[in-house]
Amino acid sequence: MDLALQEAESVEGIEKDGPPGGTGPGEKPRSLWSDAWHQLRRNPVFIISSLMILFLVIISIWPQLIASGDPLQCDLSKSQQGSSPGHPFGYDTQGCDVYTRTVYGARASITVGVCATLGAAFLGSLLGGLAGFFGGWSDALLSRVADIFFGIPVVLGGLVFLSVVTSTTVWPVVGFIVLLGWPQIARIGRGSVITAKQNDYVQAARALGAGNSRMMLRHVAPNAIAPVIVVATIALGTYIALEATLSFLGVGLRPPTVSWGIDISNAASQIRNAPHMLLWPAGALSLTVLAFIMLGDAVRDALDPKLR
């Protein structure tokens, strides 16, 4: 009798409190975003990639925290010399400190990656969302324009577009990446909006007399933005690699801007004589791209319930 009573009390307590995790009847269920954040905090890939990205952002804003030298101050008498006290990465062909240039090179790459991603995500999600929501001729027009941009080879387009630009700032490169990057996000956003607007709560809002702007901002956009965030996060690392590729070919960033792509281009011809000139900026570029791809994978796993 006592054992049966204890079991009954245990079952009653479970029914009142619900199972652990906040999904039982006794607790308010978590939303998609809170559930995704709960998953991300337990994902070691997200933690490692976030710490790496945080470090890169800090040194891109304040590179003097870990590099006290001037990346443009060079001494030809030290050309291609190896590591020495105070200069662990050695010197490049012009006698510039490779360590200082590697640290300062993060600023250009992070700036291009973040600005290009924000621009492509905003333009692509706006055009794709409007086309997916209204359909008709706007949807057909967007699809045909996107197909045209998809048919342009990225590297060849960069060689043609940026070869006529004389500016040494990052903005021509950002503009080119946005120009060729928005169709991918627009296609993802269009499909996500088409799926979201077919849900029952959107149809109910329409039946209650909600306008198009209210349905877009309050009901469709919050439930269709997740795939765009995932694609944009992964694309950020791709855009950083694209900037380095264009700079390596001589049409991206130009001196006196400090860039990993420029340093890799200058060191490519001296890889046998002074491999340290190439390994350090190339390693920093690879780790940066890897960090953003890892972050995108973690966000995708958290926002897609099918992958859990």
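Cut-offs and rules
- Residues numbered from 1 in each chain as written.
- Predicted model: local features only at pLDDT ≥ 70, side-chain atom pairs only at ≥ 80, totals over all residues.
- Heavy atoms only, no water.
- Helix = DSSP H or I, 4+ residues; strand = E, 2+ residues; numbered from the N terminus.
- Buried < 20%, exposed > 50% of the residue type's maximum accessible area, 1.4 Å probe, protein only.
- Areas by Shrake-Rupley, 256 points an atom, 1.4 Å probe, with all protein chains shown as cover.
- Lys, Arg positive; Asp, Glu negative; His and termini not counted.
- Salt bridge = Lys/Arg side-chain N within 4 Å of Asp/Glu carboxyl O.
- Polar contact = N/O pair within 3.5 Å; in protein donor to acceptor, adjacent residues only side chain to side chain.
- Contact = heavy atoms within 4.5 Å.
- pLDDT = per-residue confidence, 0-100.
- Patch = residues over 30% accessible without salt bridge, like charges linked within 9 Å, V, L, I, M, F, W, Y side chains within 5 Å.
- Phe/Tyr/Trp six-rings, centres within 6.5 Å; stacked < 30°, edge-to-face > 60°.
- Disulfide = S-S within 2.5 Å.
- Core = buried A, V, L, I, M, F, W, Y, C linked by side-chain atoms within 4.5 Å.

## What to know about the overall build of the protein chain
Assigned secondary structure in the protein chain consists of eleven helices and zero strands. What you see in the protein chain, going N to C, is helices and strands ordered as α-α-α-α-α-α-α-α-α-α-α. Counting over 308 residues, the protein chain shows a buried share of 41%. Working note: accessible area of the protein chain is about 16700 Å², and carbon and sulfur atoms make up 65% of it.

## Quick word on the side chain of Asp 92
Mapped onto the fold, Asp 92 is located in the loop between helix H3 (44–61) and helix H4 (98–134). The side chain of Asp 92 sits in the buried core without any salt bridge; Arg 101 is the nearest counter-charge, 4.1 Å away. At 3.0 Å, the side chain of Asp 92 and the backbone nitrogen of Gly 95 are in polar contact. Other than its neighbours up to four places away in sequence, Asp 92 contacts Lys 78, Ser 79, Gln 80, Val 98, Arg 101 and Met 277.

## Details of the pattern of salt bridges
Evaluated as defined, the whole model comprises six salt bridges. Asp 263 serves as the salt-bridge partner of Arg 101, at 2.9 Å between the closest nitrogen and oxygen. In this pair, Arg 101 is assigned in helix H4 and Asp 263 in helix H10 (residues 260–268), connecting sequence segments 162 residues apart. With respect to burial, Arg 101 and Asp 263 carry one shared label: buried.

## Remarks on the confidence of the model for the protein chain
Within the protein chain, residue pLDDT values average 83, and 88% of them lie at 70 or more. The secondary-structure element of the protein chain with the lowest mean pLDDT is helix H1 (residues 2–17), recorded at 40, while H3 shows the highest, at 94. Counted against residues more than four places away or in other chains, residues 1–22, with its pLDDT under 50, gives 14 contacts.

## Focus: a nonpolar patch on the surface
A contiguous nonpolar patch, built from Ile 47, Leu 51, Leu 54, Phe 55, Val 57, Ile 58, Ile 61, Trp 62, Leu 65 and Ile 66 and spanning about 910 Å² of accessible area, is present on the exposed surface. Judged by relative accessible area, which is 45%, Phe 55 ranks as partly exposed.

## Here we look at the packing of aromatic side chains
Inspection of every chain in the model, using the stated rule, returns six aromatic pairs. Plain terms: the ring middles of Phe 149 and Trp 182 are 5.6 Å apart, the flat faces sit at 65 degrees to each other, and that makes the pair edge-to-face. Taken together, the positions of Phe 149 in helix H5 (residues 136–150) and Trp 182 in helix H7 (residues 171–196) put the pair 33 residues apart, joining distant regions of the chain. Note on Trp 182: relative accessible area 6%, which makes it buried.

## Things to note about the environment of Leu 236
Looking at the element boundaries, Leu 236 is found in helix H9 (residues 212–248). For the pair formed by Leu 236 and Val 112, sequence separation is 124 residues and the distance between their alpha carbons is 9.0 Å. Leaving out residues up to four positions away in the same chain, Leu 236 has contacts with Gly 113, Val 114, Thr 117 and Phe 292.

## Observations regarding the environment of Gly 252
Structurally, Gly 252 can be placed in the loop between H9 and H10. A relative accessible area of 4% places Gly 252 in the buried class. Excluding residues within four positions of it along the chain, Gly 252 makes contact with Leu 162, Val 173, Leu 246 and Ser 247.

## Focus on the state of the cysteines
As enumerated under the stated definition, the model contains one disulfide in all. There is a disulfide in this structure between Cys 74 and Cys 96, and the S-S distance comes to 1.6 Å. Judged by the sign of its S-S torsion, about 65 degrees, the cystine formed by Cys 74 and Cys 96 is right-handed. In this pair, Cys 74 is assigned in the loop between H3 and H4 and Cys 96 in the loop between H3 and H4, connecting sequence segments 22 residues apart. For Cys 74, a relative accessible area of 36% gives the class partly exposed.

## Considering the nonpolar core
Within the largest apolar cluster, 29 residues are counted, with the highest numbers of intra-cluster contacts made by Ile 240, Leu 285, Phe 292 and Leu 303. Elements with a minimum of two residues in this core: helix H2 (32–41), H3, H4, H9, H10 and helix H11 (276–303). Sorting elements by how many residues they give to this core places H11 first, with twelve residues. Ignoring sequence-local partners within four residues, the contact set of Leu 285 consists of Ile 240, Ala 244, Trp 260 and Ile 264. Counting residues in hydrophobic clusters, the runner-up holds 24 residues, among them Ala 108, Val 173, Phe 176 and Ala 232.

## Here we look at the side chain of Ser 109
Structurally, the position occupied by Ser 109 is in helix H4. With a relative accessible area of 1%, Ser 109 lands in the buried category. For Ser 109, the side chain forms a polar contact with the side chain of Glu 243, separated by 3.4 Å. Here Ser 109 is in contact with Ile 240, Glu 243 and Trp 260, once residues within four sequence places are set aside.

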